[in-house]
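Chain by chain, the residues:
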Amino acid sequence: MFRKRKYRDNQSKIMILMVLVGMFFMVSGQKAFDKQKEVDSLCNVIKTAKGIKKLENYKELMNATAYNPDIEASYKYIDEYIAETKKQKNIEHEIKARAAKVQMLFKHHHHTENCTFETEYERFMKFAYQHKAWDYYFEVWHQYVYFLIEENKYSDAFLEAQKMYKIGQSENNYVGVGYACFFTGLIYANNDFADKALPFYAEAIQHFHPLIKESNVLKSFPLWVTYAEYIYALQKVGKYEQTLPLIAEWEKEQQKRDQWRKYKEYIGWFNIDHKKIITYMGLKQFDKAQQYFDTIDAYIDYINDHNMSSYMGTKLDFYMQTGQTQKALKYVDSVIAFETQYHGGSHLYNRKKEKAILLRNTGYVDTATFDMLLDYMNYTDKFEKEKTAEQLNLFNTEYQVDRITLEKKRNLLLFIAAAVIAGLLLLLLVVYFLYSRKIHRKNRAIVAQILEQNQQAKQKLHHSPPTKEQLLFDKLEKYMQQSQSYLTENVNISDISRQLATNEKYLQNAIKECVNMTFAVYINTLRLQFACSMLSNPNNQATIDSIALDSGFGNRVHFHRLFVQKYGISPGEFRKNS
């Protein structure tokens, strides 16, 4: 009865498993069906679309078929897109289409009937350079360098990074220079010189940082890839504590990217979680590392081949560090099978080396055989590393020389700019000095003229015989000099007429006849003459405000306006030049 129950339980489990597998294939099939519907719909729209709308539809079709298993169909659509861009003579769309084709060729290492992906790449680079399309130019170039590194062709990759650095500098393109620094650091790190990679990663981050300020969030991708490699290099040299704040900063930016895209970007989160695993393994906090293994396992189906390779390598290392040798032995064969299928090159080589070490440690391979194998591996490693190290050192020297040269140029430009500014300031000072002297002389002449006029006004001669208006005006002048009534703010013609035993009309006529002024203008003239005498007196230290009040003016503004109106110079300038 027990066996019967056990059999039924197993049968139930098998049924549940079959249902789950069936649901998976149904969902996958539905997704594929939906994707094909989108492609068919775009193909139908393109038939009737015209002009820029047709190009935009081709662009959408290209994006929809980018991950299509039917590679030939994808190439066909891109070739149609390129043909349409040429027909419409639209350079912007032609660059996008040709860049997409090269990127797809890189991804699949595919050969078309006409050429290999290397020749297609060279054609695109010439085309992009000709049209100064730097965003696509450096984007495709950096993918080519990545391809060389994946193929373990470090020497070739390094030569490309050197060229990229020089062109980026000559075109004043910080993205190109940033990529060159990034790849130099990556080549250093991949050849076990992680400590030397750190300053190059730091400089790459400095060049990529302006991308974050741009509205297109996708353009910040190079910066966060550099952060990832920078963190990895810090981990390789054992600086695990320094990686945690960088990972936290990266995590915040990833959340912004998710909000902008409106969906979760699993590749970005994989890189963050993966870096946490390595950090916690380095800190010997294996429990925390295991938590993030579990986190990644929950979305492992969304990870691409390249990241899957890194993840499997880290998990293998986790088993080895935690002493789970039997698990490691079983897992290493899965890793090797995966690398054989998807990557080969340095990835497969490193995994086989790890398996050899595992076999030796568990006694499955005798020591002599292992030592011979390890000697060969080390010899091969040493030969390639020495060759790459020589190139890296040469580039590092050139790089430092370039930096010193640029620093000297920058200092020379700063010196020239400072000299020009100093020369302009000196010229301005000379002009100001000469102009001030000219104004000073002019003002002194004006002051002398004013004082002379005032003096003449006091000593004017009368016609003989004097008229009755002149007699009355002389009487007024004498009274004003003795009483100084004009210094009173509220002085008026009625009071003055009574004091002179005459009427207002006679007095007004006398002032008009003798000095051609109204009574108010005459009073203000006397006040201004009094103010001039005070301002020209070197012993008088009163302020201009006080002089204005003492001269009979109600306020400084009124006094200043009348003074400038009459003499063409301000009271302050008059005092300064008297």
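That block above? That's the structure.
Residues numbered from 1 in each chain as written. Predicted model: local features only at pLDDT ≥ 70, side-chain atom pairs only at ≥ 80, totals over all residues. Heavy atoms only, no water.

Peer 1: Explanation requested: the overall build of the protein in the structure shown.
Peer 2: The helix and strand inventory of the protein stands at 24 helices and 0 strands. Taking all 578 residues of the protein together, the buried fraction comes to 40%. Residue pairs at least 24 apart in sequence account for 59% of intrachain contacts in the protein once pairs closer than 6 positions are excluded. As displayed, the protein has an accessible area near 34,500 Å², and 56% of this comes from carbon and sulfur atoms. (Helix = DSSP H or I, 4+ residues; strand = E, 2+ residues; numbered from the N terminus. Buried < 20%, exposed > 50% of the residue type's maximum accessible area, 1.4 Å probe, protein only. Contact = heavy atoms within 4.5 Å. Areas by Shrake-Rupley, 256 points an atom, 1.4 Å probe, with all protein chains shown as cover.)

Peer 1: What should I look at first to understand a nonpolar patch on the surface in this one?
Peer 2: Residues Leu412, Leu413, Phe415, Ile416, Val420, Leu424, Leu427 and Val431 make up a contiguous nonpolar surface patch of about 800 Å² in total accessible area. Its location among the elements puts leucine 413 in helix α17 (residues 367-458). For leucine 413, a relative accessible area of 59% corresponds to the exposed category. (Patch = residues over 30% accessible without salt bridge, like charges linked within 9 Å, V, L, I, M, F, W, Y side chains within 5 Å. Salt bridge = Lys/Arg side-chain N within 4 Å of Asp/Glu carboxyl O.)

Peer 1: How should the packing of helix α6 (residues 134-150) against helix α8 (residues 174-190) be read in this particular structure?
Peer 2: Two quantities define a packed helix pair, namely the angle between the axes and the distance from one axis to the other. At a minimum axis separation of 10 Å, α6 and α8 run at an interaxial angle of 10°. Taken together, the axis directions place α6 and α8 in an arrangement best described as roughly parallel. Two secondary-structure elements touch here, α6 through Phe138, Glu139, His142, Val145, Tyr146 and Ile149 and α8 through Gly176, Tyr179, Phe182, Phe183, Leu186, Ile187 and Asn190. Here the residues of the contact of α6 with α8 sort into 9 nonpolar, 3 polar and 1 charged. (Axes fitted to C-alpha atoms, helices over the stretch in contact; angles between N-to-C directions. Parallel < 35°, antiparallel > 145°, perpendicular 65-115°, else oblique. Nonpolar A, V, L, I, M, F, W, Y, C, P; charged D, E, K, R; others polar.)

Peer 1: Looking at this structure, I do not really get the side chain of threonine 243. What am I missing?
Peer 2: Looking at the secondary structure, you find threonine 243 in helix α11 (residues 240-261). Look at threonine 243 and you get buried, because its relative accessible area is 0%. A polar atom in the side chain of threonine 243 sits 2.6 Å from the backbone oxygen of tyrosine 240. The residues contacting threonine 243, other than those within four sequence positions of it, are Ile231, Leu234, Gln235 and Thr279. (Polar contact = N/O pair within 3.5 Å; in protein donor to acceptor, adjacent residues only side chain to side chain.)

Peer 1: What exactly am I supposed to notice about the pattern of salt bridges here?
Peer 2: Think of it this way: side chains of opposite charge can pair up when their charged atoms draw near. A full pass over the atoms with the stated rule returns 10 salt bridges. A salt bridge links lysine 101 to aspartate 79; its shortest N-O distance comes to 2.8 Å. Taken together, the residues span a long stretch of sequence, with lysine 101 in helix α4 (residues 91-108) and aspartate 79 in helix α3 (residues 71-88) at a distance of 22 residues.

Peer 1: Is there a simple way to think about the environment of histidine 274 in this case?
Peer 2: Relative to the helices and strands, histidine 274 is located in helix α12 (residues 266-282). Taking the C-alpha atoms as reference points, histidine 274 and alanine 228, 46 residues apart in sequence, are found 9.8 Å from one another. When near neighbours in sequence (up to four residues on either side) are disregarded, histidine 274 contacts Ile296, Ser310, Tyr311 and Thr314.

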